[in-house]
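Inside the fold
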Amino acid sequence: MNRLLFITWDGPQTSYLTGLFLPILTSLAKSGHSPHVVQFTWGADEKVTEAMRTCEAQGVPYRMVRVRRFGGGLGPLLTAVVGSRVIRRAVMDWKIDVLMPRSLMPALAVLCMGPMRGLRIVFDADGFAADERADFQGLSRRSMTYLVLKWVERRMVRFAGSVMVRTKTAADILQTDSGMDAAKFFVATNGRDPIAYAGERPSRPNNSLRLCYAGSIGAQYLPDQMLELSREIRDAVPETTLNLFSGDTQNALEALERVGLADASWIALRQVPPEDIPAELKSCDLAFALRKKCYSTQGVAPIKIGEYLMAGLPIIGSAGVGEVGPLIDAGVMFPFEGDVAAAREWVIEKFIPSKAQLSHEARIVGREMFGIDRSVCSYEAAIRFAASTQSR
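Residues numbered from 1 in each chain as written. Predicted model: local features only at pLDDT ≥ 70, side-chain atom pairs only at ≥ 80, totals over all residues. Heavy atoms only, no water.

**Examining the pattern of salt bridges**
All told, the structure shown has 18 salt bridges when counted by the stated rule. Here D131 makes a salt bridge to R141, at a shortest N to O gap of 3.1 Å. Pair noted here: D131 is in helix α5 (residues 129-136) and R141 is in the loop between α5 and α6 (144-159), with a separation of 10 residues, a long-range link. A residue is classified by how much of its surface remains accessible, and D131, at 1% relative accessible area, is buried. A salt bridge links R270 to E280, with the nearest nitrogen and oxygen atoms 3.0 Å apart. (Salt bridge = Lys/Arg side-chain N within 4 Å of Asp/Glu carboxyl O. Helix = DSSP H or I, 4+ residues; strand = E, 2+ residues; numbered from the N terminus. Buried < 20%, exposed > 50% of the residue type's maximum accessible area, 1.4 Å probe, protein only.)

Quick look at the structure:
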């Protein structure tokens with residue numbers, strides 16, 4: 001048995017810990033591992049209490065570190081340094097064998113701890129966090145913040161016994177940059193439990209179409225193109241509706257205003273609790289997963305893609321963002337490259353006539369590629385590799 005300490009850094013608007021990672025950790029527990037959690041967050045007290053209760057209800061001990069948010073990057077940097085003491089104490093109190101820092105700030109906290117005898121490291125790189133900030137938040141690649149974050153990335157990749165990534169391209173980039181053996185890199189999916197998405201889907205006539213989108217709504221998700229394409233589809237299929245399942249209300253309203261759809265009665269914007277997402281998605285027909293392509297998106301695998309597919313929703317999405325080649329080959333994803341007319345034609349001529357069959361095929365592909373069992377296997381392989389290399 002390995003005693004695992006999963007270390008994560010989450011904003012108040014996300015539910016990644018309880019919605020995505022906790023089910024994977026509890027599945028690892030069924031394989032004999034003992035998971036524990038340290039969460040860095042600046043969420044409200046009630047959010048922290050909810051996370052703690054959810055973890056402990058699943059038998060996963062939980063501790064929190066409050067992120068200090070002042071002085072630009074200074075507050076988070078100090079939080080990581082001070083948080084290293086919390087991690088060290090958790091290691092001793094819980095007799096941890098394996099540290100699993102997710103992304104760069106937890107990695108920095110682990111590096112600040114210094115060496116501890118017998119402790120193995122599995123680094124979940126989870127994309128290119130520094131480059132995402134450069135691509136989408138205006139961080140200069142010449143800034144001290146960017147340079148420090150890239151140093152942390154390279155240092156942790158070399159220091160860890162194994163590294164988890166979300167795409168094969170990310171593994172290749174990190175392996176080339178670090179000069180490490182390619183064998184230490186593992187592609188881990190953002191797996192979901194298919195049981196939550198099982199059950200019958202509502203049947204509707206072909207002249208009724210429910211489009212949907214789930215997740216944050218920022219410029220990188222191309223909301224204007226999604227809305228314009230939705231309008232084009234509705235022009236061809238008048239009974240079309242669009243559901244936006246998002247807590248990112250301000251960005252959503254601004255996007256609707258920009259494209260002239262602020263008062264559109266056929267568009268609904270709602271924040272949905274994570275546990276209700278499967279049922280909401282199953283009530284729809286077709287989903288959007290657009291994303292602006294740039295350097296950092298080579299390392300991301302949108303969580304929503306697996307959720308859509310297991311709910312039986314084919315996708316209009318961006319090729320080259322995540323491991324979506326097999327989805328395009330299977331016909332359950334249309335690769336949108338900005339050609340609205342081509343996408344509308346696919347919906348009318350390909351999707352609508354084969355709606356039931358494509359929904360069935362989407363579920364099959366979703367279970368095969370994004371089921372939680374596949375994620376657990378990747379985590380276990382990374383843990384075993386780290387144990388074999390760092391015990392030598």
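**Let's talk about unusual backbone geometry**
Of note, D126 is a non-glycine position whose phi angle comes to about 50°, a positive value. For D126, the location among the structural elements is in the loop between β5 (120-124) and α5.

**Thoughts on the side chain of N190**
Tracing the backbone through its elements, the reader meets N190 in the loop between β7 (185-187) and β8 (208-214). Among the polar contacts listed, one links the side chain of N190 to the side chain of R166, at a separation of 2.9 Å. (Polar contact = N/O pair within 3.5 Å; in protein donor to acceptor, adjacent residues only side chain to side chain.)

**Section: the pairing of strand β6 (residues 162-165)**
Across the two faces of β6 the burial is the same, with S162 and M164 and V163 and V165 all buried. Strand direction decides the pairing type here: β5 and β6, joined by three bridges, are parallel. Each bridged residue has a counterpart across the sheet, and for D124 the counterpart in β6 is M164. Pairing between β6 and β7: three bridges, direction parallel. Following the sheet pairing, V165 is matched in β7 by V187. Considered for its hand, the β-α-β crossover made up of β6, helix α7 (residues 168-178) and β7 is right-handed. (Pairing = 2+ DSSP bridges. Right-handed = clockwise from strand over helix to strand, strands pointing away.)

**Some words on the packing of helix α3 (residues 74-94) against helix α4 (residues 104-113)**
Closest axis-to-axis distance for the α3/α4 pair is 7 Å, and the angle between their directions is 60°. Here α3 and α4 pass one another in a crossing that is right-handed. Residues P76, L77, A80, V81, S84, I87, R88 and V91 of α3 touch α4, and the partners they reach there are M105, L108, A109, V110, C112 and M113. Tallied by class, the residues present in the contact of α3 with α4 amount to 12 nonpolar, one polar and one charged. (Axes fitted to C-alpha atoms, helices over the stretch in contact; angles between N-to-C directions. Left-handed = near helix turned anticlockwise from the far one by under 90°. Contact = heavy atoms within 4.5 Å. Nonpolar A, V, L, I, M, F, W, Y, C, P; charged D, E, K, R; others polar.)

**A look at the environment of D135**
With respect to the helices, strands and loops of the structure, D135 is situated in helix α5. Note: C-alpha distance between D135 and L209 (74 residues apart in sequence) is 34 Å. Not counting the four nearest positions on each side in its chain, D135 is found in contact with R141, C294, Y295 and S296. At 2.8 Å, the side chain of D135 forms a polar contact with the side chain of S296.

**Digging into helix α8 (residues 223-236)**
Taking 1.5 Å of rise per residue, the 14 residues of α8 would be expected to cover 20 Å, and the 20 Å separating its terminal C-alpha atoms lies within 8% of that figure. What α8 keeps buried is the set P223, M226, L227, L229, S230 and I233. In a view along the axis of α8, the buried residues occupy a sector of 165°, so they form one face of it. (Expected span 1.5 Å × (residues − 1). Arc of directions from axis to C-beta.)

**What to know about the sheet that holds strand β10 (residues 267-270)**
Reading across the sheet, the six strands line up as β10-β9-β8-β11-β12-β13 and stay open at both edges, with parallel pairing between neighbours. Every interior strand has two partners, whereas the edge strands, β10 and β13 (333-335), have only one. The mean angle between the axes of side-by-side strands here comes to 20°, regardless of whether they run parallel or antiparallel. Bridge count between strand β12 (residues 315-317) and β13: three bridges; the pairing is parallel. Along β13, the bridge assignment pairs I315 with M333. Where α8 meets the sheet, it contacts β8, β9 (239-245), β10, β11 (286-289) and β12, and its direction lies at approximately 160° from that of β9. Together, β8, β11 and β12 form the strand contacts of helix α11 (residues 303-310), whose direction differs from that of β11 by roughly 170°.

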